[in-house]
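This is what each chain is made of:
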There are 2 protein chains.
Amino acid sequence: MPELTRALAQLEESLGVSGSEAVRALVPAASPSRAEQGTPTSFDPEALRAVLDRTYPETRAQVRQWLADPAYRYTDTRDTAKYRDQVLAWLKAMADHGLGRIAFPSGNETSADLGAFVTAFETLAYFDLSLVIKAGVHFGLFGASILFLGTEKHHRKYLPQVASLELPGCFAMSELGHGSNVRDVETVARYDAEAGEFVVHTPTETARKEWIGNAARHGRIATVFAQLEVGGRVLGVHALLVPLRDPAGKVLPGIRIEDCGEKMGLNGVDNGRIWFEHVRVPRENLLDRFGQVNAQGEYTSAITGDSKRFFTMLGTLVAGRVSVAAAALSAAKSGLTIAVRYGDLRRQFGPAGDKEFRLLDHQAHQRRLLVPLAKTYAMDFALEYLVERYVKRTEEDAREVESLAAGLKAYSTWHTTAVLQEAREACGGQGYLQANRLAALKADTDVFTTFEGDNTVLMQLVAKGLLTGYRQRFEDDRVFAVLKLLADRATAVVDRNPFAARRTDSDHLRDNDYHLRALRFREEELLATVSKRIRKRLSAGVEAFEAFNQVQVHLLELAHAHVERLVLEQFLKGVADVKDPGLKTVLGRLCDLYGLSCLESANGWFQEHGWLEGTKVKAIRKEVTRLCAELRPDAVALVNAFGVPDTCLAAPIGLGHLSP
Amino acid sequence: MPELTRALAQLEESLGVSGSEAVRALVPAASPSRAEQGTPTSFDPEALRAVLDRTYPETRAQVRQWLADPAYRYTDTRDTAKYRDQVLAWLKAMADHGLGRIAFPSGNETSADLGAFVTAFETLAYFDLSLVIKAGVHFGLFGASILFLGTEKHHRKYLPQVASLELPGCFAMSELGHGSNVRDVETVARYDAEAGEFVVHTPTETARKEWIGNAARHGRIATVFAQLEVGGRVLGVHALLVPLRDPAGKVLPGIRIEDCGEKMGLNGVDNGRIWFEHVRVPRENLLDRFGQVNAQGEYTSAITGDSKRFFTMLGTLVAGRVSVAAAALSAAKSGLTIAVRYGDLRRQFGPAGDKEFRLLDHQAHQRRLLVPLAKTYAMDFALEYLVERYVKRTEEDAREVESLAAGLKAYSTWHTTAVLQEAREACGGQGYLQANRLAALKADTDVFTTFEGDNTVLMQLVAKGLLTGYRQRFEDDRVFAVLKLLADRATAVVDRNPFAARRTDSDHLRDNDYHLRALRFREEELLATVSKRIRKRLSAGVEAFEAFNQVQVHLLELAHAHVERLVLEQFLKGVADVKDPGLKTVLGRLCDLYGLSCLESANGWFQEHGWLEGTKVKAIRKEVTRLCAELRPDAVALVNAFGVPDTCLAAPIGLGHLSP
């Protein structure tokens with residue numbers, strides 16, 4: 001039956017199946033013809049490095065110079081007591097060299113240069129992360145609490161001792177029962193007008209201060225957050241200075257401190273728990289910039305409303321979040337440097353009779369490392385923007401900057417966790433060895449996603465900020481806002497029409513404006529729909545907290561969409577500023593990859609909303625793979641440009657060896 | 001202008017924005033009215049526990065009884081030397097109690113009961129994972145190599161000493177340069193006919209044996225995989241027994257061993273590197289079941305073809321993969337038990353003026369823990385199927401079982417990594433403390449995704465197996481296969497028609513047949529399209545290895561789709577077998593959640609292929625959230641049913657405390 005045979009053959013052909021010759025073809029034949037991997041882009045690695053070091057280059061150079069000192073080498077970190085002492089010694093040496101003066105060179109707020117401090121912190125994070133966190137606790141959180149919550153008398157008295165590390169300090173905010181929800185801390189600071197003193201007390205077990213860095217071993221004083229009670233009135237959370245240990249290191253009367261014990265990582269930081277038993281401190285110890293108590297026990301504050309005052313004081317946390325976001329990015333850079341260099345060195349599997357392929361010549365390996373590489377570059381530009389906004393913040397945009405810091409802290413730290421996991425797996429067993437550093441990077445940064453604000457909580461903060469802003473638009477100018485919204489939607493229609501939703505040419509797929517329009521559309525749409533859903537619930541009489549809880553996943557998605565749009569925007573701006581054609585090409589390609597991979601990972605959502613059609617999703621997937629292949633020859637140069645010092649990297653597999 | 005005002009109001013309404021009252025509504029009001037969380041399903045937790053313990057209940061009870069002994073308590077694991085000795089002592093005690101005899105009670109292959117062994121291994125994995133891996137190396141890999149690759153003389157001589165742990169053994173397969181690609185190991189075993197001995201040698205640095213468990217400290221003998229050379233002919237990879245240390249523990253002449261050093265986790269296992277310098281062993285030491293060398297130096301083998309022989313010998317690895325998949329699942333259960341119980345205990349945030357919500361009453365928290373909980377239950381049934389297939393395997397289905405083990409090992413271990421990460425973050429800072437066990441669980445299991453076969457490599461093996469099977473169908477009966485394929489596609493059309501693609505009622509969304517049809521359709525479609533793509537490349541003259549590399553990501557997606565379909569199928573079968581109505585309800589709900597969450601996470605793909613439309617995706621998302629809320633009241637009972645012994649769990653936050 002030749003006709004049936006022919007018909008079957010045609011069917012098989014169209015179904016992608018075939019006869020015995022294809023079965024044979026599944027067994028690799030001895031015809032090695034290595035595919036073209038493209039050629040490296042021509043650019044000057046030093047020039048790229050300069051782009052990444054564009055802000056505060058002197059600070060970066062200074063910290064790199066400190067780290068070049070042979071004193072800064074990893075030691076065996078399994079003996080916790082020794083490790084903590086080592087970290088303190090490193091920190092002291094850095095303070096002696098001026099690390100503590102970077103944040104506030106003249107010891108007052110007007111001279112504060114937190115941008116330089118964050119940059120120092122970021123660069124320091126190529127080295128030991130316990131040192132970084134200890135520096136952050138003392139110079140960052142403790143120092144900033146005095147700078148921002150205290151007044152001149154505190155600045156004069158304490159800041160010089162902060163800068164020199166003569167007076168190691170703690171930031172005692174979290175309690176066992178109150179981690180994210182700081183407003184409900186239970187520690188009490190009652191004013192005793194007769195004695196002119198505050199009495200600090202831990203009323204319940206859940207009120208004990210928990211996770212306090214520097215407390216278990218070295219801290220001599222703490223900024224303690226407590227409910228202020230004056231003349232029987234509870235005035236909300238305020239901060240005051242409470243000495244913990246005498247100069248010899250002995251814990252003071254009324255104070256009990258316990259070690260939190262071994263942690264997954266960061267064991268060079270001495271986290272502790274603190275209980276206060278009616279501890280008395282002089283009235284001057286209240287950090288009284290936003291709320292004052294005079295000798296007679298009269299409370300005054302320029303800020304009316306406990307809630308507003310509370311959020312104003314929490315503003316001090318923002319610097320911490322900016323710093324953690326930056327430190328996380330450095331850890332991601334270290335991890336990628338190790339994995340990309342190893343992927344370029346190690347070979348495994350290949351065509352029969354020919355040399356094995358390098359890991360990075362395997363398609364899946366390119367995707368698993370180069371997509372995160374692009375995102376890491378994107379984050380670099382986004383964090384520059386965050387630091388700039390933070391440094392230039394005013395009272396007017398303070399809340400916006402806070403939200404920005406919250407969102408980027410969450411996005412950056414989640415990215416780092418994901419990158420380091422991918423890097424570890426991409427290095428196989430070698431990635432599992434302590435000697436190759438990925439283990440420590442993972443363990444040390446794992447808590448970044450939940451400390452300095454739990455990421456899930458921070459993202460809800462971002463979403464609530466967006467909702468407030470959304471409604472504000474309509475409050476401010478109703479007509480304009482409605483028209484603007486309609487116009488935005490009309491623009492969206494351009495991309496949502498069937499023709500655009502099906503365009504699959506490479507030029508179009510690499511059009512950054514197109515990526516940005518997509519991410520903007522998603523953000524606006526998620527904002528409008530979640531707003532509608534909340535409103536519906538409130539109208540139906542659902543209690544407000546519950547109404548928000550019922551759309552929590554939606555809120556988190558909105559926050560994610562917002563941050564992603566913002567990161568892409570900043571990456572685009574950063575690339576636009578680059579003049580050198582070689583750099584522009586390679587950074588542009590990374591930017592294309594970041595933008596397009598955002599669309600790829602959210603392709604379900606975009607299809608759901610008519611922005612993408614199936615054929616286009618296929619084309620995007622293909623283009624992402626192609627971009628990875630194009631970037632492959634530049635991969636090593638791109639991680640080299642991060643400029644992680646070899647002594648900090650310290651991973652044999654990241655330094656040209658197959659194993660330690 | 002009342003008309004404009006009215007028009008604007010309407011527009012605002014439809015856009016989900018509103019005036020000042022909504023801004024006020026954003027601030028939680030004091031009207032607490034806790035939403036209904038539903039009521040717990042009525043089922044007997046012990047009966048559920050019995051369902052999970054359905055296979056080899058005696059073995060499970062036996063190992064649980066061993067673990068109840070106070071000797072099995074976690075010790076400080078930071079002193080590696082002590083830790084290793086402790087693990088050896090535990091292992092010896094278990095061997096004395098009969099652990100080593102579970103796998104081969106009468107010391108030969110016919111009596112082998114690997115199902116019981118895997119079950120023992122799975123139960124043991126509630127406790128210290130170094131002990132589990134050390135047991136796996138010695139009893140599992142080393143013991144199985146003698147059992148399956150050796151012949152009667154080896155069984156008689158060695159198995160009793162294996163069972164008693166008198167002769168601690170290693171499985172020396174991996175080399176520095178050859179991890180996944182075992183076929184290219186470089187170690188040589190040359191037969192010296194005059195002396196009647198094999199000469200084992202490490203010819204290059206990349207040929208050194210690497211990661212060998214039990215080698216650094218305790219191993220006295222090793223099954224060494226080497227290229228067999230007989231009379232100048234290279235016959236491919238074979239295994240032979242090479243003594244490493246004398247009974248006093250002294251390393252034998254010609255052998256060099258180095259410690260691999262500290263690892264991220266599993267530091268109770270003494271991994272080492274081994275070099276052989278022309279080490280001589282008697283001819284009898286060749287494990288000669290599949291290839292024999294007689295005294296005259298004549299090689300014989302019943303298996304023609306080096307490649308086939310190689311894969312036959314690699315079959316011994318399958319038991320290891322089955323065991324790792326099972327151990328990974330136990331670790332996931334431990335992690336979920338901790339996180340779910342803590343989530344039910346810890347409160348944070350809540351309506352103004354009312355009690356704070358338990359973490360598990362927050363919508364996002366339900367999703368992050370209960371979707372993985374459903375998948376963990378699904379895996380339990382899938383692994384039962386794997387063990388059964390493995391135990392009953394024949395020569396005919398050996399390759400299929402291998403592929404099954406490869407796929408489920410990868411799926412299970414990736415699941416565990418993801419679950420433990422989620423659990424750690426869900427427990428916030430408490431999850432970061434060593435005392436709360438998540439740190440150790442994460443560190444110990446992290447390597448599971450890349451040892452006993454790198455997951456990415458294993459998934460490619462699965463995909464290639466599917467491709468071979470796909471073509472085989474057409475080889476066997478061309479007409480039938482084509483018709484069958486067309487019929488399958490026609491069925492798919494039922495679900496792909498616009499009506500079905502838009503159905504959003506709950507009954508339909510919880511129809512397991514619908515989930516299964518979806519996953520089958522995806523698998524078939526990915527198989528057909530990747531087959532077509534490879535064929536296209538081969539026809540165009542692309543070298544075979546390169547052709548596969550160009551569709552690597554597609555192959556991995558196919559393997560994932562295949563495994564997911566298979567897991568759902570087994571979960572459904574398992575639930576169908578349950579008679580008790582209460583159990584059926586709660587397991588059915590978990591099954592709905594697993595099936596639907598598979599569709600949700602792949603919703604982009606399903607939309608791309610016309611299986612889902614936007615409105616249905618929305619409905620699925622809503623239904624997944626609803627299922628999580630329905631399961632919420634049963635969450636604690638569902639993790640309790642895992643039956644992780646409290647002494648093994650050993651995490652204060654998993655045992656009713658807010659902190660250690």
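Residues numbered from 1 in each chain as written. Chains lettered and ligands numbered in written order. Predicted model: local features only at pLDDT ≥ 70, side-chain atom pairs only at ≥ 80, totals over all residues. Heavy atoms only, no water.

Quick notes on the sheet that holds strand E7 (residues 255–259) of chain A
Residue and element names in this part refer to chain A. Pairing is antiparallel in the open sheet, where three strands are placed in the order E4-E8-E7. Both outer strands of the open sheet, strand E4 (209–212) and E7, are each paired with one neighbouring strand and no more. On average, adjacent strands in this sheet sit at an angle of 25° to one another, irrespective of strand direction. As defined by bridge partners, E7 adjoins strand E8 (residues 272–276) across five bridges and the pair is classed as antiparallel. Within the sheet, the bridge partner assigned to Ile257 lies in E8 and is Ile274. (Pairing = 2+ DSSP bridges. Helix = DSSP H or I, 4+ residues; strand = E, 2+ residues; numbered from the N terminus. Axes fitted to C-alpha atoms, helices over the stretch in contact; angles between N-to-C directions.)

So, the pairing of strand E3 (residues 197–201) of chain A
Residues and elements named next belong to chain A. Taken across its five residues, E3 has four buried, putting it largely inside the fold. Taken together, the five bridges between strand E2 (residues 188–192) and E3 define a ladder with antiparallel strand orientation. Note that in E3 the partner of Tyr191 across the bridge is Phe198. Linking E2 to E3, which pair antiparallel, is a turn of four residues; within it Gly196 sits at a positive phi near 65°. Pairing of E3 with strand E9 (residues 279–282), which is carried by four bridges, proceeds in the antiparallel orientation. Considered in E9, the bridge of Val199 is made with Arg280. (Buried < 20%, exposed > 50% of the residue type's maximum accessible area, 1.4 Å probe, protein only.)

Notes on the UniProt feature "domain: Acyl-CoA oxidase C-terminal" (unreviewed entry) in chain A
Summarizing the sequence annotation, UniProt attributes the feature "domain: Acyl-CoA oxidase C-terminal" (unreviewed entry) to residues 516–654 of chain A in the numbering used throughout. The distance from the first to the last C-alpha atom of residues 516–654 of chain A is 35 Å, and the span holds 81% helix and 0% strand. (UniProt positions renumbered as here; feature names shortened; annotations may be inferred.)

Regarding the nonpolar core
Leu99(B), Tyr377(B) and Leu408(B) are the most contacted members of the largest nonpolar core, which totals 187 residues. The leading source of residues in this core is helix H11 (residues 317–345) of chain B, at 17 residues. Once residues lying within four places of it in the same chain are set aside, the contact partners of Leu99(B) are Trp66(B), Leu91(B), Met94(B), Ala120(B), Leu124(B), Ala135(B) and Phe139(B). Ranked by size, the runner-up nonpolar core spans 186 residues in total, among them Ile102(A), Leu131(A), Val447(A) and Phe642(A). (Core = buried A, V, L, I, M, F, W, Y, C linked by side-chain atoms within 4.5 Å. Contact = heavy atoms within 4.5 Å.)

Quick notes on the pattern of salt bridges
For the structure on display, the rule yields 83 salt bridges over all chains. Glu600(A) serves as the salt-bridge partner of Arg367(A), at 3.1 Å between the closest nitrogen and oxygen. With Arg367(A) in helix H12 (residues 363–391) and Glu600(A) in helix H23 (residues 581–601), the pair connects residues that are 233 residues apart, well separated along the chain. Across this residue pair, the class does not change: Arg367(A) and Glu600(A) are buried. Arg520(B) serves as the salt-bridge partner of Glu569(B), at 2.7 Å between the closest nitrogen and oxygen. Here Glu569(B) is found in helix H22 (residues 552–577), whereas its partner Arg520(B) is found in helix H20 (residues 512–539), with 49 residues between them in sequence. Its relative accessible area of 15% is what places Glu569(B) among the buried residues. It is possible to trace a salt-bridge network through shared partners that takes in Glu205(A), Arg208(A), Glu210(A), Glu258(A) and Arg273(A). (Salt bridge = Lys/Arg side-chain N within 4 Å of Asp/Glu carboxyl O.)

Re the packing of aromatic side chains
Residues and elements named next belong to chain B. Scanning the model with the defined rule gives 34 aromatic pairs over all chains in all. Each ring, one from Tyr377 and one from Phe642, has its centre 5.2 Å from the other, and the planes form 35°; the classification is tilted. You can see Tyr377 sitting in helix H12 (residues 363–391) and its partner Phe642 sitting in the loop between helix H26 (635–640) and helix H27 (646–649), a full 265 residues away along the chain. For Tyr377, a relative accessible area of 0% translates into the label buried. Residue Phe642 is classed as buried on the basis of its relative accessible area of 2%. (Phe/Tyr/Trp six-rings, centres within 6.5 Å; stacked < 30°, edge-to-face > 60°.)

Examining the sheet that holds strand E8 (residues 272–276) of chain B
Residue and element names in this part refer to chain B. Across the sheet, which stays open at both edges, the three strands sit in the order E4-E8-E7 with antiparallel pairing between neighbours. Single-partner strands in this sheet number two, and they are strand E4 (209–212) and strand E7 (255–259). Ignoring which end each strand starts from, the neighbouring axes of this sheet average 25° apart.

Section: the UniProt feature "domain: Acyl-CoA oxidase C-alpha1" (unreviewed entry) in chain A
According to UniProt, the "domain: Acyl-CoA oxidase C-alpha1" (unreviewed entry) feature falls on residues 315–467 of chain A. The straight-line gap between the two end C-alpha atoms of residues 315–467 of chain A is 20 Å; of that span, 74% is helix and 0% is strand.

Focus: the environment of Gly261(A)
Of note, Gly261(A) is situated in the loop between E7 and E8. The partly exposed category is assigned to Gly261(A), whose relative accessible area is 27%. C-alpha separation for the pair Gly261(A) and Thr80(A), spaced 181 residues apart in sequence, amounts to 9.6 Å. Filtering out sequence-adjacent residues up to four positions away, Gly261(A) remains in contact with Asn267(A) and Leu433(B).

Observations regarding the packing of H11(B) against helix H15 (residues 438–445) of chain B
All names here are of chain B. Across the interface, H11 lies against H15 with an axial gap of 10 Å and an inter-helix angle of 155°. Of the possible angle classes, the one that applies to H11 and H15 is roughly antiparallel. Of the two possible hands of crossing, H11 and H15 adopt the one that is left-handed. The residues of H15 that touch H11, namely those facing Ala331, Ser334, Gly335 and Ile338, are Leu438, Leu441 and Thr445. Split into classes, the residues belonging to the contact of H11 with H15 amount to four nonpolar, three polar and no charged. (Parallel < 35°, antiparallel > 145°, perpendicular 65-115°, else oblique. Left-handed = near helix turned anticlockwise from the far one by under 90°. Nonpolar A, V, L, I, M, F, W, Y, C, P; charged D, E, K, R; others polar.)

Let's talk about helix H11 (residues 317–345) of chain A
An ideal rise of 1.5 Å per residue puts 42 Å on 29 residues; H11(A) measures up with 43 Å between its terminal C-alpha atoms. The element H11(A) is extensively covered by neighbouring structure, given that 27 of its 29 residues are classed as buried. (Expected span 1.5 Å × (residues − 1).)

Observations concerning the side chain of Arg208(A)
Position of Arg208(A) among the secondary structure elements: in the loop between E3 and E4. Here the side chain of Arg208(A) touches Glu210(A) through a polar contact of 2.6 Å, side chain to side chain. In this structure Arg208(A) touches Ser174(A), Glu175(A), Leu176(A), Thr202(A), Arg273(A), Ile274(A), Trp275(A), Ser659(B) and Pro660(B), once residues within four positions along its chain are discounted. (Polar contact = N/O pair within 3.5 Å; in protein donor to acceptor, adjacent residues only side chain to side chain.)

Considerations on helix H16 (residues 455–476) of chain A
Residue and element names in this part refer to chain A. For H16, spanning 22 residues, the distance from its first C-alpha to its last is 31 Å, which sits close to the expected 32 Å at 1.5 Å a residue. Within the sequence span of H16, burial applies to Asn455, Thr456, Leu458, Met459, Gln460, Val462, Ala463, Leu466, Leu467, Tyr470, Arg471 and Phe474. Between a side-chain oxygen at the N-terminus of H16 and the backbone nitrogen of Thr456 the separation is 2.9 Å; the capping residue is Asp454.

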